[in-house]
Amino acid sequence: MSEHIYKKIELVGSSPNGFEEAVKNALARAKKTVRNMRWFEVTETRGYLEEGKLAHWQVTLKVGFTLDE
């Protein structure tokens, strides 16, 4: 069995269309420059208000990826 070593980064994604899309937006953007992403965990969830109404969701993610050999 090989050893699994990961590095973690923290991202914040947002979307006016909901929590799940905010996660997808963060991961899609990270995919452009981060290789070997393997897992994520949501550590914070926020809603942003404008004039007392929900304007968009924000989620903070920790993303784990394997290091290149």
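Just so you know, these numbers come straight off a predicted model, no measurement behind them.

A. Highlighting the overall build of the protein. Secondary structure assignment for the protein yields 1 helix and 3 strands. Counting helices and strands in the order they occur from the N terminus, the protein gives β-α-β-β. Since a compact globule built from 69 residues should have a radius of gyration of about 11 Å, the 14 Å found for the protein marks it as more spread out than a globular shape. In terms of overall dimensions, the protein has C-alpha extents of about 55 × 20 × 15 Å along its principal axes.

B. Molecular detail of the pattern of salt bridges. Considering all chains together, one arrives at 3 salt bridges under this definition. The salt bridge involving Glu20 is made with Lys24; its shortest N-O contact spans 3.4 Å. In this pair, Glu20 and Lys24 both sit in helix α1 (residues 19-31), 4 residues apart, roughly one turn of the helix. Grouping residues by exposure puts Glu20 and Lys24 together as exposed. Close ionic contact of Arg35 with Asp68 constitutes a salt bridge, the shortest N to O distance being 2.2 Å. Highlighted residues: Arg35 in the loop between α1 and β2 (37-50) and Asp68 in the segment after β3 (53-66), separated in sequence by 33 residues. Residue classification places Asp68 among the partly exposed residues on the basis of a relative accessible area of 47%.

C. Structural context of a nonpolar patch on the surface. On the surface, a cluster of nonpolar side chains totalling about 240 Å² of accessible area is made up of Phe19, Phe40 and Val42. If you trace the backbone, Val42 turns up in strand β2. Assessed through its relative accessible area of 33%, Val42 is described here as partly exposed.

D. Just unusual backbone geometry, in detail. Non-glycine residue Asn36 carries a positive phi angle of around 65°. With respect to the helices and strands, Asn36 occurs in the loop between α1 and β2. Phi angles above zero are rare outside glycine, and Glu51 is one such case at about 55°. Mapped onto the elements, Glu51 comes out in the loop between β2 and β3.

About the cut-offs
- Residues numbered from 1 in each chain as written.
- Predicted model: local features only at pLDDT ≥ 70, side-chain atom pairs only at ≥ 80, totals over all residues.
- Heavy atoms only, no water.
- Helix = DSSP H or I, 4+ residues; strand = E, 2+ residues; numbered from the N terminus.
- Rg over C-alpha atoms; globule rule 2.2 N^0.38 Å.
- Salt bridge = Lys/Arg side-chain N within 4 Å of Asp/Glu carboxyl O.
- Buried < 20%, exposed > 50% of the residue type's maximum accessible area, 1.4 Å probe, protein only.
- Patch = residues over 30% accessible without salt bridge, like charges linked within 9 Å, V, L, I, M, F, W, Y side chains within 5 Å.
- Areas by Shrake-Rupley, 256 points an atom, 1.4 Å probe, with all protein chains shown as cover.

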